[in-house]
Amino acid sequence: MLKQYKKALNLTLVLMLTAILINELTVNYINDNGLNDAVNTNLAQSLPSIELPDLSGELRNLDEWSSKPMVINFWATWCAPCLREIPLLKNFRNENSNFNLIGIAVDRELPVIQYAQEMQIDYPVLIGQMQAMNAAQEFGVNVYALPFTVFTVANGATLGVFTGELHQEQLDEIIKIIEDYDANEITLVQAQNQFSSI
């Protein structure tokens, strides 16, 4: 019995490591080959009506946060790049009160709740498995490599989708684009074009 348990545990570990490796390779391939542009070509023009449960189980709609520009981060507890960018996102939220940050976990409820508590995530986190992937499709995202982050402007118009792990430099560039748009210095089309060049 113990041997069977060890075999099952080893197989589970191998499968998890394989999934992480495939995710890393996919994200790297997307970024190295300029496929972020391909992700953004089918992009929803406005914020879709997406309703998912939050950490307490209450159904929430993304419309609740559309009065400000939104940063909507799709992530999972089993995704190493996702976990690496959580501290960046927490810091972003604490320093940018003029943006709404929402996490959408493509994962099971219990690991997400535990991780959110452990990391003291202080922004709204919605949870779904297939529902979260359906939400991604509603944004026009058809490349499923985590993490990816959807950026909108205050009126709910979609600016773009960044696929892969966000770094401070990229986030700063995107925030500048949104601020320029909010200050009426550039049009939405110009903002989307600038976004697609990141």
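Above: the structure in question.
Thresholds, definitions, all that
Residues numbered from 1 in each chain as written. Predicted model: local features only at pLDDT ≥ 70, side-chain atom pairs only at ≥ 80, totals over all residues. Heavy atoms only, no water. Helix = DSSP H or I, 4+ residues; strand = E, 2+ residues; numbered from the N terminus. Buried < 20%, exposed > 50% of the residue type's maximum accessible area, 1.4 Å probe, protein only. Core = buried A, V, L, I, M, F, W, Y, C linked by side-chain atoms within 4.5 Å. Pairing = 2+ DSSP bridges. Right-handed = clockwise from strand over helix to strand, strands pointing away. Axes fitted to C-alpha atoms, helices over the stretch in contact; angles between N-to-C directions. Contact = heavy atoms within 4.5 Å. Salt bridge = Lys/Arg side-chain N within 4 Å of Asp/Glu carboxyl O.

J.: With reference to specific residues and values, describe unusual backbone geometry.
T.: Cis peptide bonds are those with omega within 30 degrees of zero, and the linkage from Leu146 to Pro147 qualifies with -5°. With respect to the helices and strands, the residue Pro147 is situated in the loop between helix 5 (130-138) and strand 6 (148-152). At Gln120, a position not held by glycine, the phi torsion is positive, near 50°. Within the element layout of this structure, Gln120 appears in the loop between helix 4 (109-119) and strand 5 (125-128). We classify Gln120 as exposed; its relative accessible area is 60%. Of note in this structure, Asn184 is not a glycine but carries a positive phi near 60°. Examined against the element boundaries, Asn184 turns out to sit in the loop between helix 6 (168-182) and helix 7 (188-196). On the basis of relative accessibility, which here comes to 70%, the residue Asn184 falls in the exposed class.

J.: I'd love a proper account of the nonpolar core, names of residues and values included.
T.: Membership of the largest hydrophobic core comes to 57 residues, with the highest contact counts inside it found for Leu62, Ile72, Phe74, Trp75, Phe139 and Phe151. Counting residues per element, this core draws most heavily on helix 6, at six residues.

J.: Would you mind going over the pairing of strand 4 (residues 100-106) in detail, with residue names and values included?
T.: In terms of burial, strand 4 is largely enclosed, as seven of its seven residues are buried. The alternating pattern of strand 4 places Asn100, Ile102, Ile104 and Val106 on one face and Leu101, Gly103 and Ala105 on the opposite face, and all of these are buried. With six bridges connecting them, strand 3 (residues 70-75) and strand 4 associate as parallel partners. When the sheet's bridge partners are listed, Met70 is paired in strand 4 with Asn100. You can see the chain leave strand 3, run along helix 3 (residues 80-95) and come back into strand 4, and the turn it takes is right-handed. Where strand 4 meets strand 5, four bridges bridge the pair, whose relative direction is parallel. Looking at the pairing, Gly103 lines up with Val125 of strand 5.

J.: Describe the sheet that holds strand 6, and please don't skip the residues or the numbers.
T.: One open sheet accounts for five strands, arranged 5-4-3-6-7; its pairing is mixed. Both outer strands of the open sheet, strand 5 and strand 7 (158-163), are each paired with one neighbouring strand and no more. On average, adjacent strands in this sheet sit at an angle of 20° to one another, irrespective of strand direction. The pairing of strand 6 with strand 7 spans five bridges and is classified as antiparallel. The residue of strand 7 that forms the bridge with Phe151 is Gly160. Docked against the sheet, helix 4 engages strand 3, strand 4 and strand 5, running at close to 160° with respect to strand 5.

J.: Please provide a residue-by-residue account of the side chain of Asp180, values included.
T.: Within the fold, Asp180 resides in helix 6. Of the residues examined, Asp180 reaches a relative accessible area of 13% and is grouped as buried. Sequence-distant contacts of Asp180, defined by excluding residues within four places in its chain, comprise Glu185 and Ile186.

J.: Can you tell me about the pattern of salt bridges, naming the residues and giving the values?
T.: Considering all chains together, one arrives at four salt bridges under this definition. The shortest N-O distance in the salt bridge between Arg60 and Glu64 comes to 2.8 Å. Given a relative accessible area of 19%, Arg60 falls into the buried group. Among the salt bridges present, the one from Glu165 reaches Arg84, with a minimum N-O distance of 2.8 Å. Here Glu165, found in the loop between strand 7 and helix 6, pairs with Arg84, found in helix 3; they are 81 residues apart in sequence, far enough to count as distant.

No statement about biological role is implied by the geometric values presented.
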